[in-house]
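Chain by chain, the residues run as shown.
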Amino acid sequence: MYFALMNRWMRATTWLSFLITLAAGTFGPLIRQQAQTKEGLQALAAQRDFYIGAAIAVDPLRREPSYRETLQREFNAAVAENAFKFDALHPARDRYDFKDADLIADFAQRNGMKLRGHTLVWHKQLPAWVTNGSFTRAEAIALMRDHITTVMTHFRGKVWAWDVVNEAMEGKDEPLRTDSFWYQKIGPDYIRLAFEFARAADPDAILYYNDFDAEDMGTRSKHVYNLVRDLKQRGTPIDGVGWQMHIDDNFKINGDHRKNARRLGELGLELSITELDVRTKTDGTPSAKQSAVYRDVATFCLTEPNCRAVILWGVTDKHSWVPAFFPGYGDALIFDADYRPKPAYAALRDALQTAITAPPIITAASFAAGKLTVTGQNFDRKSVVWINGKPQKTEADKAQPTTKLTIKKADPAIAPSQAVKLHVQNPDGKLSRVFDYK
Ligand code: G3I
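Residues numbered from 1 in each chain as written. Predicted model: local features only at pLDDT ≥ 70, side-chain atom pairs only at ≥ 80, totals over all residues. Heavy atoms only, no water.

Caption draft 1: Representation of the packing of helix α7 (residues 137-154) against helix α9 (residues 190-201). Following both chains from N to C, one finds α7 and α9 inclined at 35°, their axes separated by 9 Å at the closest point. Once α7 is placed against α9, the crossing between them reads as right-handed. On α9, the residues that touch Ile-141, Met-144, Arg-145, Ile-148, Thr-149, Met-152 and Thr-153 of α7 are Tyr-190, Leu-193, Ala-194, Phe-197, Ala-198 and Ala-201. Here the residues of the contact of α7 with α9 are counted per class, giving 10 nonpolar, 2 polar and 1 charged. (Axes fitted to C-alpha atoms, helices over the stretch in contact; angles between N-to-C directions. Helix = DSSP H or I, 4+ residues; strand = E, 2+ residues; numbered from the N terminus. Left-handed = near helix turned anticlockwise from the far one by under 90°. Contact = heavy atoms within 4.5 Å. Nonpolar A, V, L, I, M, F, W, Y, C, P; charged D, E, K, R; others polar.)

Caption draft 2: Region of the structure containing the sheet that holds strand β18 (residues 435-437). A sheet is described by the order of its strands in space; here 4 strands give the open sequence β14-β13-β17-β18, paired in antiparallel fashion. Of all strands in the sheet, those with a lone pairing partner are β14 (390-391) and β18, marking the two edges. When strand β17 (residues 420-425) meets β18, the two strands line up antiparallel, connected through 3 bridges. When the sheet's bridge partners are listed, Val-420 is paired in β18 with Tyr-437. (Pairing = 2+ DSSP bridges.)

Caption draft 3: How the structure looks around empty space enclosed by the protein. Scanning the entire structure with this criterion turns up 4 cavities of 30 Å³ or more. In this model, the largest cavity occupies a volume close to 60 Å³. Contributing to the lining of the largest cavity are Arg-48, Leu-302, Thr-303, Glu-304, Pro-305, Phe-379, Asp-380, Arg-381, Pro-401 and Thr-402. Taken together, the residues that form the lining of the largest cavity break down as 4 nonpolar, 2 polar and 4 charged. (1 Å grid on protein atoms, 1.4 Å probe; cavity = no way out; pocket = protein on both sides within 12 Å on 5 of 7 lines; lining within 4 Å. Points joined across faces, edges and corners; volume = space filled by probe spheres on them.)

Caption draft 4: The sheet that holds strand β16 (residues 404-407), seen in detail. The strand order across the open sheet formed by 4 strands is β11-β12-β16-β15, and the pairing between neighbours is antiparallel. Across the chains shown, the open sheet's two edge strands, defined by having one partner strand only, are β11 (361-368) and β15 (395-396). Examined bridge by bridge, strand β12 (residues 371-377) and β16 share 4 bridges and lie antiparallel to one another. Of the residues in β16, the one forming a bridge with Leu-372 is Ile-407.

Caption draft 5: Spotlight on the packing of aromatic side chains. Taken as a whole and judged by the stated rule, the model has 14 aromatic pairs. Residues Trp-321 and Phe-325 carry aromatic rings whose centres are separated by 5.0 Å and whose planes lie at 55° to one another, so their mutual orientation is tilted. With relative accessibility at 18%, the residue Trp-321 sits in the buried group. Put simply, the rings of Phe-84, Tyr-96, Phe-98, Phe-155 and Trp-162 touch in pairs and so form one group of aromatic residues. Positioned over the ring face of Phe-326 is Arg-279, at 3.9 Å from the centre of the ring. (Phe/Tyr/Trp six-rings, centres within 6.5 Å; stacked < 30°, edge-to-face > 60°. Buried < 20%, exposed > 50% of the residue type's maximum accessible area, 1.4 Å probe, protein only. Lys NZ or Arg CZ within 6 Å of the ring centre and 35° of its normal.)

Spelled out as structure tokens, the structure:
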């Protein structure tokens, strides 16, 4: 009896251990994969004081658990694809409707996501009561002020950055687009007025000008630069420029994009990639180039000191605007129609990971007139130079923050010929090797 029982027990435990092994082998990678993606892109971005976001459409947010779960797991920033636009928020002259927008704003707030407000003043998605109405210039200005003030007051404290004016450029010789209600009724000054109304409505919000094809050094970008430079010079409250970047998989980051980012930085403006999607031909063969474009655009923004965020224009290919607007193109985002991560997702994750894990390296140091300059690689705008084991007040070079750090006044003061030991600590804690400066 006893042996029979033992046999049965042995057989049972053998079976049990076999099943456990099988499960670990089968589900292990999935669990690990879930564990790996449990962190999501946002956890990497947060280590870098960086924001990776997505445009949210209200219908899938309401109806699809996978949509919500993907947003919660992967992104620390968000923007409404349509729910914050004039036609959605202000459907009648005396009526505002915040229902859909509040759903997105509350979701973002509950999930610790920085929220971008898109967009207050645009020539598109205006309701008929505006475009068909007859307004004097003064009435149009009052209408714009009322819209901006009401909307920004409603979202005060919930919106991180606003696209105050969107796509005002024509892109040809005449800088400003003239087929705009706002241009036609108010004149070119509508842009300055919009920013002034916005600052008055929410002094804490970051105020952006947002446009497409504004990332290189071409004509349209020149018009955008001239616009924001003139606004800054007039004292207009503007804080940043958004590059939409609705691009295809032939796009290549080059030196012009850095030049453009730097000239905006020199105006004291921050930069965000605000609507990134990388469309590919939907001819049945997945793009082999899309991942590299996502990786390079993210790396570009992660290594430009004034670039704050990369916002994707959607979550999944299932709900992208691209196929309807670019026939024959699609698959532009990083999750496929079944919410599976695509190679572009891994490329984005690697870009974020690399931007975090590369330790700082000191290659040279020079000391003159009481100022110590440290050059090297993988520095960060928040890196700290240590001298003989003491952290110093460190400034990253505005133009070359990842390669040049300066200490204006060493503490304690060091004699010009004194040998000192230097090392650099990055915000992610990574340390350089000690550099002996003699
Ligand atoms: O809300 C109506 C709905 O009531 C109606 O039944 C339906 C019938 O077509 O249309 C719905 O409106 C659509 C709207 O999206 C909301 O879904 C419009 O037709 C459609 O044209 C509109 O497209 C949006 C487009 O802006 C409008 O220009 C896209 O979803 C949106 O992704 C796109 O986003 C813009 C940015 O705001 C600015 N930068 C360019 C970017 C891509 O165009």
